[in-house]
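Listed below are the residues making up each chain.
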Amino acid sequence: MRYERQILMEQIGIEGQEKLNRSTVAVVGCGGLGSPVLTYLASAGIGRLVIIDFDVVSESNLNRQFLYGAEDIGKLKVVCAKERLQDLNDEIEIVGFHEKISTDNIGKFIDSADVVIDCVDNIETRILLGRACLSRNIPLVEAGVEGFYGWIMSIGVESACLECMGFEHMKIPRPGPIIGTTAGVIGSLQANECIKIILGMKGTLFGMMLQYDGINGSIDSIELQKDNSCIAHRG
Amino acid sequence: MIEVRLFATFREGREKVQFLDAKEFRKAGDVLDYLNIPHDEVAIYLINGRHSKFTDSINEGDVLAIFPPVGGG
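Residues numbered from 1 in each chain as written. Chains lettered and ligands numbered in written order. Predicted model: local features only at pLDDT ≥ 70, side-chain atom pairs only at ≥ 80, totals over all residues.

Visitor: Can you walk me through the packing of helix 3 (residues 34–44) of chain A against helix 4 (residues 77–88) of chain A in this structure?
Guide: Axes are the key here: two packed helices are described by the angle between their axes and the distance separating the axes. All names here are of chain A. Between helix 3 and helix 4, the shortest axis-to-axis distance is 9 Å and the interhelical angle comes to 35°. Two packed elements cross with a definite hand, and for helix 3 against helix 4 that hand is right-handed. Residues L38, T39, A42 and S43 of helix 3 form the contact with helix 4, whose own contacting residues are A81, L85 and L88. Taken together, the residues of the contact of helix 3 with helix 4 sort by class into five nonpolar, two polar and no charged. (Axes fitted to C-alpha atoms, helices over the stretch in contact; angles between N-to-C directions. Helix = DSSP H or I, 4+ residues; strand = E, 2+ residues; numbered from the N terminus. Left-handed = near helix turned anticlockwise from the far one by under 90°. Contact = placed C-beta atoms within 7 Å. Nonpolar A, V, L, I, M, F, W, Y, C, P; charged D, E, K, R; others polar.)

Visitor: Help me understand the sheet that holds strand 2 (residues 17–20) of chain B in this model?
Guide: Within a beta sheet, neighbouring strands are joined by backbone hydrogen bonds and run either parallel or antiparallel to one another. Taking strand neighbours across the sheet as the criterion, the five strands line up as 2-1-5-3-4 (chain B) in an open arrangement whose pairing is mixed. Strand pairing shows two members of the sheet lacking a second neighbour, strand 2 and strand 4 (50–51) of chain B, which therefore form its edges. (Pairing = 2+ DSSP bridges.)

Visitor: Looking at this structure, I do not really get the sheet that holds strand 5 (residues 140–146) of chain A. What am I missing?
Guide: Residue and element names in this part refer to chain A. The strand order across the open sheet formed by eight strands is 3-2-1-4-5-6-7-8, and the pairing between neighbours is mixed. Lying at the two open borders of the sheet, with one neighbouring strand each, are strand 3 (93–97) and strand 8 (218–223). Pairwise comparison of adjacent strand axes, ignoring direction, gives a mean angle of 15° for this sheet. Each of strand 2 (48–52) and strand 3 touches helix 4; the most contacted strand, strand 3, lies at about 170° to it.

Below you can see the structure in the form of structure tokens.
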């Protein structure tokens, strides 16, 4: 049976597996983070994956975006990703949207989600997703990567969001330097966090940021305080 | 004392955790000057887990976390 090894885990069992099978996760961005996130969530049996991306595969994606191969260059990422993931697990439903997210259409992508995972590379979409998830009370798993470094945190109505931290002022270099292993580590942590949230486990990353340092081989945690004057939380 | 925790590229050429005498610093920006970190390279500056400005005061026992931009996906 496909899931028998994870059903053996006391944190999952048959009941937990059924929770995963019944859940919907929206993944925004099918790039460096999206590749491991989607692969592990599809493998774990998340029943419905909603994937949103507005990009096509380019050669410079191939050092880290392992959902794609050279034959996919020029094709829509959502189409290639859906095909690859459905090969991996044909028991789940995958819905792909080749659309740019905006305040007008975001509900269509995330309203049915139990968890949203942010895998984008720009601040504007991160802020948009943060506000939309807070206003709908949907948990959001956030992460960012550059070079050998990355971070991950979860956002909810009772915990700090990116705007609580002043993230909206951040200027991100484009194109950003990145090695596939960093995206692999952080994306895997995002998928793990999502599974823990769905299972209702303790030890999730609400109010906590993990910082990964691939040069020194360390992970540090930082407690985050919600800002009571935060515009995103006030809605 | 204050605890200063540096992240990502700010660790390169610097200790990742430093304990400094709080009396040496009046403002958050003073710590950046001491560490030779240009103010415009700082993306996130937290004092005790809260978003802070460079003009915010430094107090005994504070824990500072300072990050450069890391926002790729």
